[in-house]
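Residues per chain are reported as follows:
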Amino acid sequence: MTEKEILGWLEQVQHPGKEDKDIVSLGMVDAVHADDGKISVTLAFPKRPDPLKNYLVGAARAALYRNAPGGTDIEVNTVVKDPKPARKTVMDLDLSQINNVSHIIGIASGKGGVGKSTVAVNLAIALSRLGYRVGLADADVYGPSVPIMTGTEGAVPDALQDEEGKELILPIEKYGVKWMSIGYFSQPGQALIWRGPMACNALKQMILQVQWGVLDFLLIDMPPGTGDIHISLVGDIPMEGAVIVTTPQPVALADVEKGVNMFRNPSVNRPIFGLVENMAWFTPEEHPDERYFIFGRDGGAQMASRFDIPLLGQIPLVQGIREGGDAGEPVALGTRPDGVAFLELAGKLSDAVNR
Ligand SMILES: Nc1ncnc2c1ncn2[C@@H]1O[C@H](COP(=O)(O)OP(=O)(O)OP(=O)(O)O)[C@@H](O)[C@H]1O
Ligand SMILES: [Mg+2]
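## What about the overall build of the protein?
Within the protein, the regular secondary structure consists of 10 helices and 15 strands. In terms of overall size, the protein behaves like a compact globule, its C-alpha atoms giving a radius of gyration of 23 Å where 355 residues would be expected to give roughly 20 Å. The C-alpha extent of the protein, read off along each of the three principal axes, is 80 × 50 × 40 Å. The proportion of buried residues among the 355 residues of the protein is 38%. Look at the contacts in the protein between residues 6 or more apart in sequence, and 76% of them connect residues 24 or more apart.

Right, here's the structure in full:
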């Protein structure tokens, strides 16, 4: 349990006497401590007696019990003190560069290798072909793949200073999309080793220090997994929601569940616009009309209904998609059936987001 998580739970407690604002944004949470199996929270009340004091202490305790793992020792104390202004996040983030972005959408999955980056890159190009202004931030600081997949390996982003002297990075533009990746700042083939907090900051920089300009969509190719980095990323970047990528086999179900839970957890709580079933079937290059359901049939549809999210699209496993990624010429640029599948996906996503 992190302090941030606990604050998220306390945000569920509204003050009925203050227009139902929550106790966190009212600045009433004076201290939060979390140790193994123990949470201790101190609520601040002003000198003037608050008739709802007992109610609020009880409501805070109930919110903690509701969210904390069973068996956690929970303590809610009070202190007499004028509430301090609400603190937002640990680090003060400058969100000015994403102010003109309409929709920030995370492309996530519970596990690696399911084709997240392939879907993200092709989706970005497809959205741009539909006339939207699109950017993509490669948030995979461990294994950035966007430079290779877009044929922008070796490109060096320009830097400039804004009016306040803050350094901004210009994204690389190609195929009608603005791309940013930590891969542009390292030598090809050189492994990047980051420790947790550093990885987290590098990643936020990749998103917040970039001059994106006016965009309809900013896609974020999330790193594989559902750990702290993810929660922190989704919490600090105003992501509107997510798209979850999966393969159809039943063993992927548990990973999809982790991905879904990450966005539905109370401190994150963002909508999931839909599921993309990648490698839904195999179609041989020389027999474009044949479909082989090598990972099972309708797995994506079943997962979608199980988690009550729409199935946004199905992408086949075809050699051209892999080759397009390796050659830096994504299939979404063309008009073959696999490219058109991404255009359809882009249409469905923009519908889901605009709804
Ligand atoms: N539908 C597809 N048809 C053919 N090849 C595919 C398809 N989707 C992905 N691939 C290939 O599978 C490999 C893994 O895909 P990708 O890198 O997009 O996965 P990822 O989920 O982003 O992986 P990571 O977890 O490492 O970030 C790549 O070589 C890619 O070209
Ligand atoms: Mg990837």
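## Focus: the domain arrangement of the protein
Splitting the protein by domain gives domain 1 (3-80) and domain 2 (96-354). Centre-to-centre, using C-alpha coordinates, domain 1 lies 37 Å away from domain 2.

## Focus on the site of ligand 1
Not every one of the 20 residues close to ligand 1 is listed here, only the nearest: Gly-112, Gly-115, Lys-116, Ser-117 and Thr-118. Its residues assigned to classes, the shell around ligand 1 comprises 7 nonpolar, 10 polar and 3 charged.

## Regarding the pairing of strand S11 (residues 177-181)
In terms of burial, S11 is a largely internal element, 5 of the 5 residues being buried. Of the two faces of S11, the one holding Val-177, Trp-179 and Ser-181 and the one holding Lys-178 and Met-180 are both buried throughout. Of the pairings in the sheet, the one linking strand S7 (residues 134-138) to S11 comprises 5 bridges and is parallel in character. Among the inter-strand pairings, Gly-135 is bridged to a residue of S11, identified as Lys-178. Of the pairings in the sheet, the one linking strand S10 (residues 172-174) to S11 comprises 3 bridges and is antiparallel in character. From the neighbouring strand, Glu-173 faces S11, where its bridge partner is Lys-178.

## Focus on the nonpolar core
Within the largest apolar cluster, 71 residues are counted, with the highest numbers of intra-cluster contacts made by Leu-123 and Ile-220. Here this core gets 8 residues from one element, more than from any other, and that element is helix H3 (residues 116-129). Sequence-distant contacts of Leu-123, that is, excluding residues within four places in its chain, are made with Leu-219, Phe-342, Leu-345, Ala-346 and Leu-349.

## Digging into the environment of Ala-59
For Ala-59, the position within the fold is in helix H2 (residues 53-67). Among the residues examined, Ala-59 registers 19 C-beta atoms within 10 Å and is labelled partly exposed. Measuring from C-alpha to C-alpha, the distance between Ala-59 and His-15 comes to 9.6 Å, with 44 residues separating the pair along the chain.

## A few points about the sheet that holds strand S5 (residues 73-80)
Taking strand neighbours across the sheet as the criterion, the 3 strands line up as S3-S4-S5 in an open arrangement whose pairing is mixed. Because the sheet does not close on itself, it has two edges, and the strands there are strand S3 (29-35) and S5. Recorded for the sheet is a direction-independent mean angle of 15° between the axes of neighbouring strands. In the sheet, strand S4 (residues 38-45) pairs with S5 via 8 bridges, with the strands oriented parallel. When the bridges of S5 are listed, Ala-44 appears paired with Val-79.

## Considering the sheet that holds strand S15 (residues 311-317)
Strand order in the open sheet made by the 8 strands is S10-S11-S7-S12-S6-S13-S14-S15, with mixed pairing throughout. In this open sheet, the two edge strands, each paired with only one partner strand, are S10 and S15. The sheet shows a mean angle of 25° between the axes of neighbouring strands, taken without regard to direction. On top of the sheet, H3 reaches strand S6 (101-108), S7, S11, strand S12 (215-221), strand S13 (241-246), strand S14 (272-282) and S15; it is set at about 170° to S12, its chief contact. Relative to the sheet, helix H7 (residues 253-264) contacts S6, S13 and S14, its axis offset from that of S13 by approximately 175°.

## Focus on helix H8 (residues 299-307)
Listed as buried for H8 are Gly-299, Gly-300, Met-303 and Ala-304. Projected down its long axis, H8 shows its buried positions confined to an angular sector of 130°, all on one face. In this structure, the buried residues of H8 make contact with S13, H7, S14 and S15. Positive phi shows up at Asp-308, right after H8, with a value of about 60°.

## Side note on the pairing of S12
With respect to burial, S12 is a largely interior element, 6 of its 7 residues being buried. Judged from the 6 bridges that link them, S6 and S12 form a sheet pairing that is parallel. The residue of S12 that forms the bridge with Ile-104 is Leu-218. As paired strands, S7 and S12 are joined by 5 bridges and run parallel to one another. Among the inter-strand pairings, Asp-138 is bridged to a residue of S12, identified as Asp-221.

Reading the values: the criteria
- Residues numbered from 1 in each chain as written.
- Chains lettered and ligands numbered in written order.
- Predicted model: local features only at pLDDT ≥ 70, side-chain atom pairs only at ≥ 80, totals over all residues.
- Helix = DSSP H or I, 4+ residues; strand = E, 2+ residues; numbered from the N terminus.
- Rg over C-alpha atoms; globule rule 2.2 N^0.38 Å.
- Buried ≥ 20, exposed ≤ 12 C-beta atoms within 10 Å, placed from the backbone.
- Contact = placed C-beta atoms within 7 Å.
- Domains from an automatic or database assignment.
- Near = placed C-beta within 6 Å.
- Nonpolar A, V, L, I, M, F, W, Y, C, P; charged D, E, K, R; others polar.
- Pairing = 2+ DSSP bridges.
- Core = buried A, V, L, I, M, F, W, Y, C linked by C-beta atoms within 7 Å.
- Axes fitted to C-alpha atoms, helices over the stretch in contact; angles between N-to-C directions.
- Arc of directions from axis to C-beta.

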